[in-house]
Amino acid sequence: MSRAVTDQGPAPTVDDWVPFPDAFARRYVAEGYWQGGPLGERLREWAARHGSATALVGGPPAAPVRLSYAELDQGVDDLAAGLAGLGLGAGDRVLLHLPNRIEFVTLLFALLRLGALPVLALPAHRRVEIEHLARLSGAVAYAIPDTFEGFDHRRLAGEVTAAVPSVRHVLVAGEAGAYTSLAGLAAAGAAARATGTAPAPAAVDPAGVAVLLISGGTTGKPKLIPRTHWDYAHNAAASAELCALTGDDVYLVALPAAHNFPLACPGILGAFGVGATVVLAPSPSPETAFELIARERVTVTALVPALARLWVTAAGWEGPDTTSLRLLQVGGARLDAELARRVRPVLGAAVQQVFGMAEGLLNYTRLDDDAEVACTTQGRPLAAADEIRVVDRDGADVAPGAIGELWTRGPYTIRGYYRAAEHNATAFTADGYYRTGDLVRVAEGGNLVVEGRIKDVINRGGENVSATELEEHLLTHPGIAQVAVVAAGDEQIGESVRAVVVTEPGTTVTLKGLKAYLRERGLARFMLPDLLTVVDALPLTAVGKIDKRELRRRLG
Ligand code: OOB
């Protein structure tokens, strides 16, 4: 198929993303899942409804900046006009690599208004990932902070522009140096709007792609996930409803804003949709977050399990004021039940497990679920139109309650990755289900329990050892704070089982002691670890999940 080539490089075509089949699209519209305008226009509606309410709180905790819905809306229009003045417009991919600061939100919405496609990189990404994402997306612009956490992003931008010629603009939040300042662009846009010389924005199709999210997979290079205006708006609005979010809520963005969880589950987009206030935390550390929670009277936030553990531990020592917090969402990786049970007594908030994926499907425990259900399951699908199957190796449905791979399709789950025809052929079934690679079982009440990843199984001389299962047993040991079970090469048995642990302060563990403990719990001999490695900390992915690929690399 031919591709229109403009002076902005090739425009995206249906070659690049896999649209929903017509019959499904008609159904999702008829059933009300897909409705309303494109995301950039929705902000206009929210501003009309909640104009003087505080939309966004950002800036350093010592000198907070507050924007009302009306101010945010106007700032977005100014920036959109400035970007249009640079020649950016519909279909252009813009690599957005900003931490949790106000410019993340204004730039995201300005691009949405123009119909340009933000590519949402995470702050922890570095040259290898950024160059890959720039190349794969054909980005024409790269947006960065001047510096963040001691790292000068302008130097990285120099490397990226040298390596990827499509990147013609570097947009900087803060001191721009030789590059283009976002503040300057907004000022130029405001002036053009005041004199009526700003170009009229093109109409944006709400059925088309709105954003490109980054896949969270810990194997291979990140892939791009095309989410449409309609599907993503539903994702956020239905999540907000499920969490009973209202204009009285204050949502804290503790995880990186570019991740699907704090962005749209319900996150920033869901909070804006109901007129709530969004507070941006520059760091998810307990010190920063507790200060913001107390000062801004935060009611809801979202964390990955490793951070939830850190907060619960720190709160035990510091006794922060978290009385305003009503809901702590935890997702992204398996949350152990014992930690989940400590959330309410220590932080005073209900815990909600969220088993989601940037590709779409979201599972939530419900606010009225029994506390044990919320602590021991990963919830059930958000939408009635979410279809799930739990299948065996041959793609046949397993018996009810048995473990199998989760397949899904629905009104907000993609039908293919962006520019990945070859990979799509195996990642999706012929009838459009996404093969998640997650092993689950359906428990009572339809709640899913995540039992591991298909590939996270160690072949120990022909016996399959589930890393997740062994990790759960190890975590019950009082001396173990964190654990990752990985395969180690073994000449005799092919793969042996290595437990990598972080111990609780002041305790020591030995392989012999652990084996005896696990035998006592009734574990089979083949499940026992062959090797024990004690480390100070486990490597984490850009959003804070345990990074086994990096761990295996380090262990050699
Ligand atoms: C979220 O999204 P991604 O794209 O970074 O990662 C998705 C994968 C899932 O396929 C699953 O393997 C794992 O992360 N995962 C969980 C989980 N939530 C995600 N594994 C066990 N328990 C959970 N609760 O991680 C994400 C997206 C939206 C909301 C929440 C998380």
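Just so it is clear, the structure is predicted and the values come from calculations on it, not from any experiment. (Residues numbered from 1 in each chain as written. Predicted model: local features only at pLDDT ≥ 70, side-chain atom pairs only at ≥ 80, totals over all residues. Heavy atoms only, no water.)

### Looking at the UniProt feature "domain: AMP-binding enzyme C-terminal" (unreviewed entry) in the protein chain
Here's step 1: The UniProt record annotates "domain: AMP-binding enzyme C-terminal" (unreviewed entry) at residues 469-545.
Here's step 2: Helix makes up 22% of residues 469-545 and strand 32%. Its end C-alpha atoms lie 17 Å apart. (UniProt positions renumbered as here; feature names shortened; annotations may be inferred. Helix = DSSP H or I, 4+ residues; strand = E, 2+ residues; numbered from the N terminus.)

### Description of the pairing of strand S5 (residues 93-96)
Here's step 1: A two-sided burial pattern is seen for S5, the buried positions comprising Arg 93 and Leu 95 on one face and Val 94 and Leu 96 on the other.
Here's step 2: As judged from the four bridges shared by S5 and strand S6 (residues 117-120), these two strands associate in the parallel manner. When the bridges of S6 are listed, Val 94 appears paired with Pro 118.
Here's step 3: Handedness of the crossover is the feature at issue here: the chain leaves S5, passes through helix H4 (residues 102-114), returns alongside S6, and the resulting connection is right-handed.
Here's step 4: Of the pairings in the sheet, the one linking S5 to strand S7 (residues 141-145) comprises three bridges and is parallel in character. Its bridge partner being in S7, Leu 96 is matched across the sheet by Ala 143. (Buried < 20%, exposed > 50% of the residue type's maximum accessible area, 1.4 Å probe, protein only. Pairing = 2+ DSSP bridges. Right-handed = clockwise from strand over helix to strand, strands pointing away.)

### Focus on the environment of Glu 287
Here's step 1: Structurally, Glu 287 can be placed in helix H11 (residues 286-296).
Here's step 2: For Glu 287, a relative accessible area of 52% gives the class exposed.
Here's step 3: In sequence terms Glu 287 and Arg 334 are 47 residues apart; their C-alpha atoms lie 24 Å from each other.

### Overview of helix H7 (residues 182-194)
Here's step 1: The end-to-end C-alpha distance of H7 is 18 Å, a good match for the 18 Å that 13 residues give at a rise of 1.5 Å each.
Here's step 2: For H7, the complete set of buried residues consists of Leu 182, Leu 185, Gly 189 and Ala 192. Mapping the buried residues of H7 onto a view down its axis gives an arc of 80°, with all of them on the same face. More than 90 degrees from the buried face of H7, the exposed residues found are Ala 183 and Ala 194.
Here's step 3: Where H7 is buried, its residues touch helix H3 (69-85), H4, strand S10 (169-173) and strand S11 (180-181). (Expected span 1.5 Å × (residues − 1). Arc of directions from axis to C-beta. Contact = heavy atoms within 4.5 Å.)

### Considering the sheet that holds strand S20 (residues 380-381)
Here's step 1: If you trace the nine strands from one edge of the open sheet to the other, you get S4-S3-S15-S14-S16-S17-S18-S19-S20, paired in mixed fashion. At either end of the open sheet lies a strand with only one pairing partner, and these are strand S4 (65-68) and S20.
Here's step 2: Sheet topology places strand S16 (residues 300-303) next to strand S17 (residues 327-331); four bridges connect them, and they run parallel. Bridging across to S17, Ala 302 finds its partner in Gln 329.
Here's step 3: Packed on one face of the sheet, helix H12 (residues 305-318) meets strand S14 (250-253), S16 and S17 and runs near 120° to S16. (Axes fitted to C-alpha atoms, helices over the stretch in contact; angles between N-to-C directions.)

### Description of the pairing of strand S22 (residues 404-409)
Here's step 1: Where burial is concerned, most of S22 is hidden: six out of the six residues are buried.
Here's step 2: Here strand S21 (residues 387-391) runs beside S22; their pairing, made up of five bridges, is antiparallel. Residue pairing for S22: Val 390 is matched across the bridge by Leu 406.

### Focus on the site of the ligand
Here's step 1: Neighbouring residues of the ligand: 20 residues in total, closest His 259, Val 354, Ala 358, Asp 438 and Lys 545.
Here's step 2: Contacts to the ligand include Gly 332, whose backbone N or O atom sits 3.0 Å from a nitrogen atom.
Here's step 3: In this structure, Lys 545 approaches the ligand through a side-chain N or O atom, which is 2.8 Å from an oxygen atom.
Here's step 4: The fraction of the free accessible surface of the ligand (600 Å²) that becomes covered by protein chains is 92%.
Here's step 5: Listing elements by their share of the shell around the ligand, those giving two or more residues are helix H9 (260-264), strand S18 (350-357) and strand S24 (448-453).
Here's step 6: Looking at the shell around the ligand, the element that brings in the most residues is S18, giving four residues.
Here's step 7: Classifying every residue of the shell around the ligand gives nine nonpolar, seven polar and four charged. (Near = heavy atom within 4 Å. Polar contact = N/O pair within 3.5 Å; in protein donor to acceptor, adjacent residues only side chain to side chain. Areas by Shrake-Rupley, 256 points an atom, 1.4 Å probe, with all protein chains shown as cover. Nonpolar A, V, L, I, M, F, W, Y, C, P; charged D, E, K, R; others polar.)

### Topic: the nonpolar core
Here's step 1: Counting residues in each nonpolar core, the largest one holds 130 residues, and the members touching the most others are Leu 56, Leu 83, Phe 104, Leu 252 and Phe 272.
Here's step 2: Residues within four places of Leu 83 in sequence aside, it is in contact with Leu 88, Leu 107, Ala 110, Leu 111, Leu 114, Leu 171 and Leu 185.
Here's step 3: Counting 24 residues, the second-largest nonpolar core is a separate cluster that includes Ile 130, Ala 157, Val 160 and Val 164. (Core = buried A, V, L, I, M, F, W, Y, C linked by side-chain atoms within 4.5 Å.)

### Section: helix H2 (residues 39-50)
Here's step 1: Here H2 spans 16 Å end to end across 12 residues, near enough to the 16 Å set by a 1.5 Å rise per residue.
Here's step 2: Along H2, the residues that are buried comprise Leu 39, Gly 40, Arg 42, Leu 43, Trp 46, Ala 47 and His 50. An end-on view of H2 places all buried positions within 150° of arc, on one side of the element. Exposed side of H2, more than 90 degrees from the buried face: Ala 48 and Arg 49 are the residues found there.
Here's step 3: The elements touched by buried residues of H2 are H3, H4, strand S12 (209-214), helix H8 (229-242) and helix H10 (267-273).

### Describing the environment of Pro 118
Here's step 1: Tracing the sequence through the fold places Pro 118 in strand S6.
Here's step 2: As for Pro 118 and Ala 143, which are separated by 25 residues in sequence, their C-alpha atoms are 9.7 Å apart.
Here's step 3: When residues no more than four places from it in sequence are discounted, the contact partners of Pro 118 are Val 94, Leu 96, Leu 108, Leu 111, Ala 210, Val 211 and Leu 212.

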